[in-house]
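Structural characterization, general
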Amino acid sequence: MKKILVLGAGGQIGSELTTYLRSIYGGNNVVAADVRLPMIDAIMQGGPVEQCDATQAAQVADIVKRYQIDAIFNLVAILSAKAEMNPMLGWNIGIGALVNCLEVAREYHCAVFTPSSIGAFGPTTPLDGTPQDTIQRPQTIYGVTKVTGELLSDYYYKRFQVDTRSVRFPGLISNVTLPGGGTTDYAVDIYYAAARGEQFTCPLKPGTLLDMMYMPDALHAAVQLMEADPSRLIHRNSFNVTAMHFAPEEIYAEICKVKPDFKMVYEVEPVKQSIAESWPNWMDDSCARAEWDFKPQYDLQAMTRDMLQILDARFAK
Ligand code: AKB
């Protein structure tokens, strides 16, 4: 990758991936694009910025041509719980951006990374040790877009040799930009509540296991996969990747080791609960480890210490 375009650069992943990519490939070689400007200062000041509605093919093509882009990180999506409120919006944004990226990539010879998700699985998937290749019958529109994305990306690779690669991200925990509209968002919100000294209301039942990952591991995984030796890749779209899995009471207990007065109550949100119950408890990511050496650094304890240190410092100001 030499000239990179990040679509959805203002979102939860994009706002950190852009800075990470610029630190590796140089500020001027990473174009940050989003439908809404301005984005955070670090992005606005760290390199080129473009306003782009990724559902408009001409806008994506124009940026790719002008900057001679050779790799696109397509992060445009409406997350699971929000997409259930407006399924057609979820479909049109997710698939609209994806199809445009793939077509532009075919014409201008770009590689494409489009994250998939644990949302690509459903209740008939084996939920413990979810295999790399298994049943994928999601019951959310978000999941339907993710499975479609995996299939289309593989199709463009086989049919047109577009270098498409992807991971199935679990819930991502981060402290720069809030996610918004996801089922796993509670695992971000709980840290903000703890750092602010507030009681946390958990939208999922005790015992609801979900895969999770701290953002630094997710950024590293995305770049590592895109730089991986293609001759080692048996799979492409998409690899299971995970770093930890826990239920609400487990992340709460970990936070209480640092903040013993922290309080959590449960107020279950039925849409989120039913989505969470249809997703894996934990995935088997051995293919990612074998084919491109995926190896996350953060477990629940290390992530909790880091999140609270960063958020405590921010809210103390
Ligand atoms: C969501 O909860 O919708 C996302 C995801 C797991 O893809 N965080």
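Residues numbered from 1 in each chain as written. Predicted model: local features only at pLDDT ≥ 70, side-chain atom pairs only at ≥ 80, totals over all residues. Heavy atoms only, no water.

1. Side note on the domain arrangement of the chain
- As far as domains go, the chain holds domain 1 (4–170 + 215–240) and domain 2 (171–212 + 242–315).
- Placing the centre of domain 1 and that of domain 2 at their C-alpha centroids yields a distance of 22 Å.
- Contacts between the two partners involve 44 residues from domain 1 and, on the opposite side, 43 residues from domain 2.
- Buried area between domain 1 and domain 2, both sides added, is near 3,500 Å², and the carbon and sulfur share of it is 62%.
- When the shortest N-O distance is used, the salt bridge between Arg 232 and Asp 293 registers 3.0 Å.
- The interface formed by domain 1 and domain 2 holds 25 residue pairs in polar contact (both at pLDDT 80 or more) in total. (Domains from an automatic or database assignment. Contact = heavy atoms within 4.5 Å. Buried area = accessible area lost by both parts, 1.4 Å probe. Salt bridge = Lys/Arg side-chain N within 4 Å of Asp/Glu carboxyl O. Polar contact = N/O pair within 3.5 Å; in protein donor to acceptor, adjacent residues only side chain to side chain.)

2. Comments concerning the site of the ligand
- Lining the immediate environment of the ligand, one finds Leu 79, Ser 80, Ser 117, Ile 118, Tyr 142, Gly 182, Thr 183, Thr 184 and Trp 279.
- At 2.6 Å, a side-chain N or O of Tyr 142 approaches an oxygen atom of the ligand.
- Interatomic distance of 2.9 Å between a side-chain N/O atom of Thr 184 and a nitrogen atom of the ligand.
- Among the residues making up the shell around the ligand, the classes are represented as four nonpolar, five polar and no charged.
- Three or more residues apiece are contributed to the shell around the ligand by two domains, here domain 1 (4–170 + 215–240) and domain 2 (171–212 + 242–315). (Near = heavy atom within 4 Å. Nonpolar A, V, L, I, M, F, W, Y, C, P; charged D, E, K, R; others polar.)

3. Topic: the packing of aromatic side chains
- A full pass over the atoms with the stated rule returns 10 aromatic pairs.
- Ring geometry for Phe 73 and Phe 113: centres 5.4 Å apart, planes at 45 degrees, overall tilted. Of the two residues, Phe 73 is situated in strand β4 (residues 71–74) and Phe 113 in strand β5 (residues 111–113); the sequence distance between them amounts to 40 residues.
- Ring geometry for Tyr 155 and Phe 160: centres 6.0 Å apart, planes at 90 degrees, overall edge-to-face. (Phe/Tyr/Trp six-rings, centres within 6.5 Å; stacked < 30°, edge-to-face > 60°. Helix = DSSP H or I, 4+ residues; strand = E, 2+ residues; numbered from the N terminus.)

4. Quick word on the sheet that holds strand β14 (residues 244–246)
- Within the open sheet, the three strands sit side by side as β10-β12-β14. Their pairing is mixed. The open sheet has two edge strands, β10 (171–173) and β14, and neither has a second partner. With direction set aside, neighbouring strand axes in the sheet form an average angle of 40 degrees. (Pairing = 2+ DSSP bridges. Axes fitted to C-alpha atoms, helices over the stretch in contact; angles between N-to-C directions.)

5. Comments concerning the pairing of strand β1 (residues 4–7)
- Burial along β1 is two-sided: Ile 4 and Val 6 and Leu 5 and Leu 7, pointing in opposite directions, are all buried.
- In this sheet, strand β2 (residues 30–34) lies alongside β1 in parallel orientation, the contact comprising four bridges. Residue Ile 4 lies in a different strand from β2, and its bridge partner there is Val 30.
- Handedness of the β1-helix α1 (residues 14–25)-β2 crossover: right-handed.
- Pairing geometry for β1 and β4, over four bridges, is parallel. Its bridge partner lying in β4, Leu 7 is registered against Asn 74. (Buried < 20%, exposed > 50% of the residue type's maximum accessible area, 1.4 Å probe, protein only. Right-handed = clockwise from strand over helix to strand, strands pointing away.)

6. A few points about the pattern of salt bridges
- For the structure on display, the rule yields 12 salt bridges.
- For Arg 165, the salt bridge identified is with Asp 163, shortest N-O distance 2.8 Å.
- A relative accessible area of 3% places Arg 165 in the buried class.
- Given a relative accessible area of 25%, Asp 163 falls into the partly exposed group.
- Overlapping salt bridges bring together Glu 50, Asp 62 and Arg 66 as one network.

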